[in-house]
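The lines below spell out each chain.
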Amino acid sequence: MTAGSRSFSKVLIANRGEIALRILRACRELGLRTVAVYSQADAEALHVRFADQAVCIGPPPARDSYLNIPAIISAAEITGADAVHPGYGFLAENAEFAALCERCGLVFIGPSAPLMALMGDKVRAREAMVRAGVPVLPGSGVLATEDELRRAAGDIGYPLIIKACAGGGGRGMKIVRDEGALVTAWSMARTEAQAGFGNPDVYVERFISAPRHIEIQVMGDRHGQVVHLGERECSIQRRHQKLVEEAPSAVLDAAAREQLGGLAVRACTAVGYDNAGTLEFLRDESGQCYFMEMNTRLQVEHTVTELVSGVDMVQAQLAVAAGERLAWRQEQLQLRGHAIECRINAEDP
Amino acid sequence: MAALAALAGAKSITSPFVGTFYRAASPDGPPFVEVGQTVRKGQTLCIIEAMKLMNEIEAELDVKILEVLVKSGEPVEFGQALFRVEGA
Amino acid sequence: MTFAPSPGRITALHWPGGYGVRVDTAAYAQYVVPPHYDSLIAKLVVWGATRDEAIRRLRRALGELVIEGIGSNVGLFREIAASDDFAAARLDTHFLERLAQARPG
């Protein structure tokens, strides 16, 4: 490890299910010890069995276990873990958790807390992208009054979508098709945003009715280097939940991939992004891609990127979190073949 | 059925959270409770340290301590049995 | 389709394998899917030298997959993998609605 690195040897995995196993595997291959945390509902889970140590952190409800920050930090303390991987979901995009880990001397496997907070605020993230020259949909800033709302809606036109500043992943959105429905939808969206995220701020954007969902995977280190690992297409969704993802997208040629990937790298370099991140774009029928939001974590669908790039993304996350430089330059990353992922859910067919 | 009946009078007190178990307020201090002692509801049984905070764990009922299941200074997880007790 | 979560005990389980097939999961036979968390139980991932090869491999892998005891969306993936729109990469966020409308009856 290089000077100034923040090496660690025991990783607490603050998650469950397949992603806890995925992280465990990466740690084991790198010679890192592992600590699983689990709720009382998961005593028979494989991540508990396969980890070097396991700590029960609470009863079954997630708010009392996998979202229970003091219990997770305590589990790290009593086991001597010196790093935390949050996986996806649960605390993965909680900037306060990331900051608390660092204050407690735990390396958080992800971007720095201020960057998570920046990208978690959808209006600030949009502004950061505009500054970096990334196309965004015509939209507004935070709309606090009905006058501001009407003016913004008049500029943007219909249909439009109202989004929560603190939202993401499809939560807290309202589509408005004409002016008559505008004010009601806006006040409902504010109420929902307050209830769901503790923050009533909303903004509006032009709504694309049948977009393709295309996202760029980036990886940055703590030395200012950022690369992209190509795109994924995640258009097959149900209620904003992705079901099938593939890499590459059938509609991006090499030039379009270079262009979109280059934009993502430029934007991430500008804000000093490190670790894994995903810039989500909507592509309209004309082929124009617009930035939608950035996810500051490992994605469920990172697997398709791994299969076409040959990069173990979790191991790369661990390496850059330890202060290492990225192992490859952009021109060394070659994408090969095609990968498709299906998310198999336990649900009534 | 006999085994179940024999166990019916004994219960355990479990840890309400993850942390480090201490039997006394200071390393050299006397333990809060000893085996054989009967404690009153609200009386301190032990300390669980979590995130540098010392949390006193109190008895929820009047009970007699039959066994201390964890050594002082050992880590405990949520739901782990700390004391074997019976109703007093 | 209700898409309601279907927690419960997995009574029989067989994952596909072979070249170009990856299954990321924490489920096993007799595992009980708890009702408290999201319903993802596995990610089936296939690789092919081309998109067509990947789709043929996906169809093959889905044919080998067995999950019994709980409901799952495996049938939906078989339908997607067999569809002309998917083969032709005619995709957008309304893909599943069109697939449902095209169903007989």
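Anything mentioned here points back to the structure above.
For every chain, the first residue of its written sequence is number 1, and the numbers climb from 1 along that sequence. To label them, take the chains in the order written and letter them from A, then take the ligands in the order written and number them from 1. With pLDDT at 70 or above as the cut-off, local features in this predicted model cover only qualifying residues; side-chain atom pairs require 80 or more to be listed or tallied, and sums for whole chains, interfaces and linings still use all residues. Each side-chain value is worked out from all heavy atoms of the structure, with water and hydrogens disregarded.

(A) The overall build of chain B, seen in detail. Labels follow the DSSP assignment, with helices taken as runs of H or I lasting at least four residues and strands as runs of E lasting at least two, numbered in each case from the N terminus. Check the secondary structure of chain B and you find one helix and eight strands. Starting at the N terminus and walking to the C terminus, you meet the elements of chain B as α-β-β-β-β-β-β-β-β. When accessible area is computed with a 1.4 Å probe and restricted to protein chains, residues below 20% of their type maximum are described as buried, those above 50% as exposed, and intermediate ones as partly exposed. Of all 88 residues assigned to chain B, the portion counted as buried reaches 32%. Accessible surface is estimated by sampling points in the Shrake-Rupley manner with a 1.4 Å probe; for residues, cover comes only from the protein chains shown. Summed over its atoms, the accessible surface of chain B is roughly 5200 Å², and 55% of this surface lies on carbon and sulfur atoms.

(B) Spotlight on the environment of Gln101 of chain C. By the secondary structure assignment, Gln101 of chain C is in helix H4 (residues 95-101). Residues Gln101 of chain C and Pro16 of chain C, spaced 85 residues apart in sequence, show a C-alpha to C-alpha distance of 30 Å.

(C) Structural view of the interface of chain A and chain C. Taken together, the contact pairs 53 residues of chain A with 50 residues of chain C. Accessible area that two parts lose when put together, with a 1.4 Å probe and added across both, is what the buried area reports. Contact between chain A and chain C buries roughly 4600 Å² in total, counting both sides, with carbon and sulfur atoms accounting for 60%. A per-residue breakdown of the area chain A buries against chain C is headed by Ile340, Ile344 and Ala346 of chain A, which together make up 17% of the total. Any Lys or Arg side-chain nitrogen found within 4 Å of a carboxyl oxygen on Asp or Glu counts as a salt bridge. At the junction of chain A with chain C, the criterion picks out three salt bridges. In this structure, Glu18 of chain A engages Lys43 of chain C in a salt bridge whose closest nitrogen and oxygen atoms are separated by 3.0 Å. Polar contacts, as counted here, are pairs of nitrogen or oxygen atoms within 3.5 Å of one another; within protein the pair requires one atom able to donate a hydrogen and one able to accept it, and residues that are adjacent in sequence qualify only if both atoms are side-chain atoms. For the interface between chain A and chain C, the tally reads 24 residue pairs in polar contact (both at pLDDT 80 or more). For the side of chain A that touches chain C, the secondary-structure elements that each account for two or more residues are helix H1 (17-29), helix H2 (46-50), strand S10 (226-238), strand S11 (241-247), helix H10 (302-309) and strand S14 (338-345) of chain A. Broken down by element, the residue count for the side of chain A that touches chain C peaks at eight residues, all from S14 of chain A. Gly is placed with the polar residues, together with every amino acid not listed as nonpolar (Ala, Val, Leu, Ile, Met, Phe, Trp, Tyr, Cys and Pro) or charged (Asp, Glu, Lys and Arg). Within the side of chain A that touches chain C, the residues separate by chemical class into 24 nonpolar, 11 polar and 18 charged. For two strands to be treated as a pair, DSSP must find at least two bridges joining them. For S14 of chain A and strand S5 (residues 40-48) of chain C, the ladder comprises eight bridges, and the chain directions are antiparallel. Counterpart to Ile344 of chain A in the pairing with S5 of chain C is Ala42 of chain C. Any two residues whose heavy atoms approach within 4.5 Å at even a single point are treated as in contact.

(D) The arrangement of the nonpolar core in detail. Among the buried residues, those of types Ala, Val, Leu, Ile, Met, Phe, Trp, Tyr and Cys that are joined through side-chain atoms within 4.5 Å form a nonpolar core. Core analysis: the largest hydrophobic core is formed by 37 residues, its most contacted members being Phe8, Val11, Ile109, Met219, Val311, Leu318 and Trp328 of chain A. Of all the elements in the fold, those that place two or more residues in this core are strand S1 (10-13), H1, S10 and helix H11 (313-321) of chain A. Non-local contacts of Met219 of chain A, meaning those with residues more than four positions away in its chain, are made with Gln225, Val226, Val227, Leu229, Asn275, Ala276, Met313, Ala316, Gln317, Leu326 and Trp328 of chain A. Membership of the second largest hydrophobic core comes to 35 residues, among which are Ile236 of chain A together with Ile10, Leu76 and Ala81 of chain C.

(E) Structural detail: the pattern of salt bridges. For the coordinates displayed, the defined rule picks out 33 salt bridges over all chains. Arg126 of chain A serves as the salt-bridge partner of Glu205 of chain A, at 3.0 Å between the closest nitrogen and oxygen. Here Arg126 of chain A lies in helix H6 (residues 122-131) and Glu205 of chain A lies in strand S8 (residues 202-206), a separation of 79 residues in the sequence. Summarising the burial analysis for this pair, Glu205 of chain A and Arg126 of chain A share the class buried. Between Arg57 of chain C and Glu53 of chain C there is a salt bridge whose closest N-O contact spans 3.3 Å. With Arg57 of chain C and Glu53 of chain C both in helix H1 (residues 51-64) and four residues apart, the pair spans about one turn of that helix. Residue classification places Arg57 of chain C among the buried residues on the basis of a relative accessible area of 15%. Via salt bridges that share partners, Glu215, Arg232, Lys242, Glu245, Glu280, Glu301 and Arg343 of chain A belong to a single interconnected network.

(F) Geometry of the sheet that holds strand S6 (residues 160-168) of chain A. All names here are of chain A. Here we have three strands laid out as an open sheet, ordered S7-S6-S8, and antiparallel in their pairing. Every other strand in the sheet has two partners, leaving strand S7 (171-176) and S8 as the edge strands with one partner each. The mean angle between the axes of side-by-side strands here comes to 30°, regardless of whether they run parallel or antiparallel. Bridge count for S6 against S8 is five bridges, and the pairing is antiparallel. Along S8, the bridge assignment pairs Ile162 with Val204. Helix-sheet contacts for H6 involve S6 and S8, and the interaxial angle to S6 is about 105°. Fitting a line to C-alpha atoms yields each axis, with helices limited to the stretch in contact; the angle taken between N-to-C directions then spans 0 to 180 degrees. Running over the sheet, helix H7 (residues 146-156) touches S6 and S8 and is turned about 15° from S8.

(G) Summary view of the packing of H7 of chain A against helix H8 (residues 182-197) of chain A. Residues and elements named next belong to chain A. H8 packs onto H7 with a crossing angle of 120° between their chain directions and a minimal axis gap of 11 Å. On the basis of the axis angle, H7 is oblique to H8. H7 and H8 meet at a crossing whose hand is right-handed. Side by side, H7 and H8 meet where Glu146, Leu149, Arg150 and Ala153 of the first sit next to Leu182, Val183 and Trp186 of the second. Roughly parallel covers angles under 35 degrees, roughly antiparallel covers those over 145, roughly perpendicular covers 65 to 115, and oblique covers all other angles. When the near helix sits turned anticlockwise from the far one by under a right angle, the crossing is termed left-handed; a clockwise turn instead gives a right-handed crossing.

(H) Looking closely at the state of the cysteines. Residues and elements named next belong to chain A. Here, a disulfide means two cysteine sulfur atoms that sit within 2.5 Å of each other. By the definition in use, this model includes zero disulfides over all chains. No disulfide involves Cys289; its nearest neighbouring cysteine sulfur is the one of Cys234, lying 13 Å away. Here Cys289 falls in the buried class, since its relative accessible area comes to 8%.

(I) Representation of the pairing of strand S5 (residues 53-58) of chain B in the model. All names here are of chain B. Here strand S4 (residues 44-50) pairs with S5 via six bridges, running antiparallel. Looking at the pairing, Ile47 lines up with Glu56 of S5. Turn length for the S4-S5 hairpin, with the two strands adjacent in sequence and antiparallel, is two residues, and the turn residue Met51 shows positive phi of about 50°.

(J) Summary view of the interface of chain B and chain A. Every contact between the two is made by 11 residues of chain B and, on the other side, 16 residues of chain A. In terms of surface lost to chain A, no three residues of chain B exceed Val18, Met51 and Phe78 of chain B, which account for 64% of the buried area on that side. Across the pair Glu77 of chain A and Lys52 of chain B runs a salt bridge, and its minimum N-O distance is 3.9 Å. For the side of chain B that touches chain A, the elements supplying multiple residues, two or more each, are strand S2 (19-22) and strand S7 (75-76) of chain B. Looking at side-chain class alone, the side of chain B that touches chain A contains six nonpolar, three polar and two charged residues.

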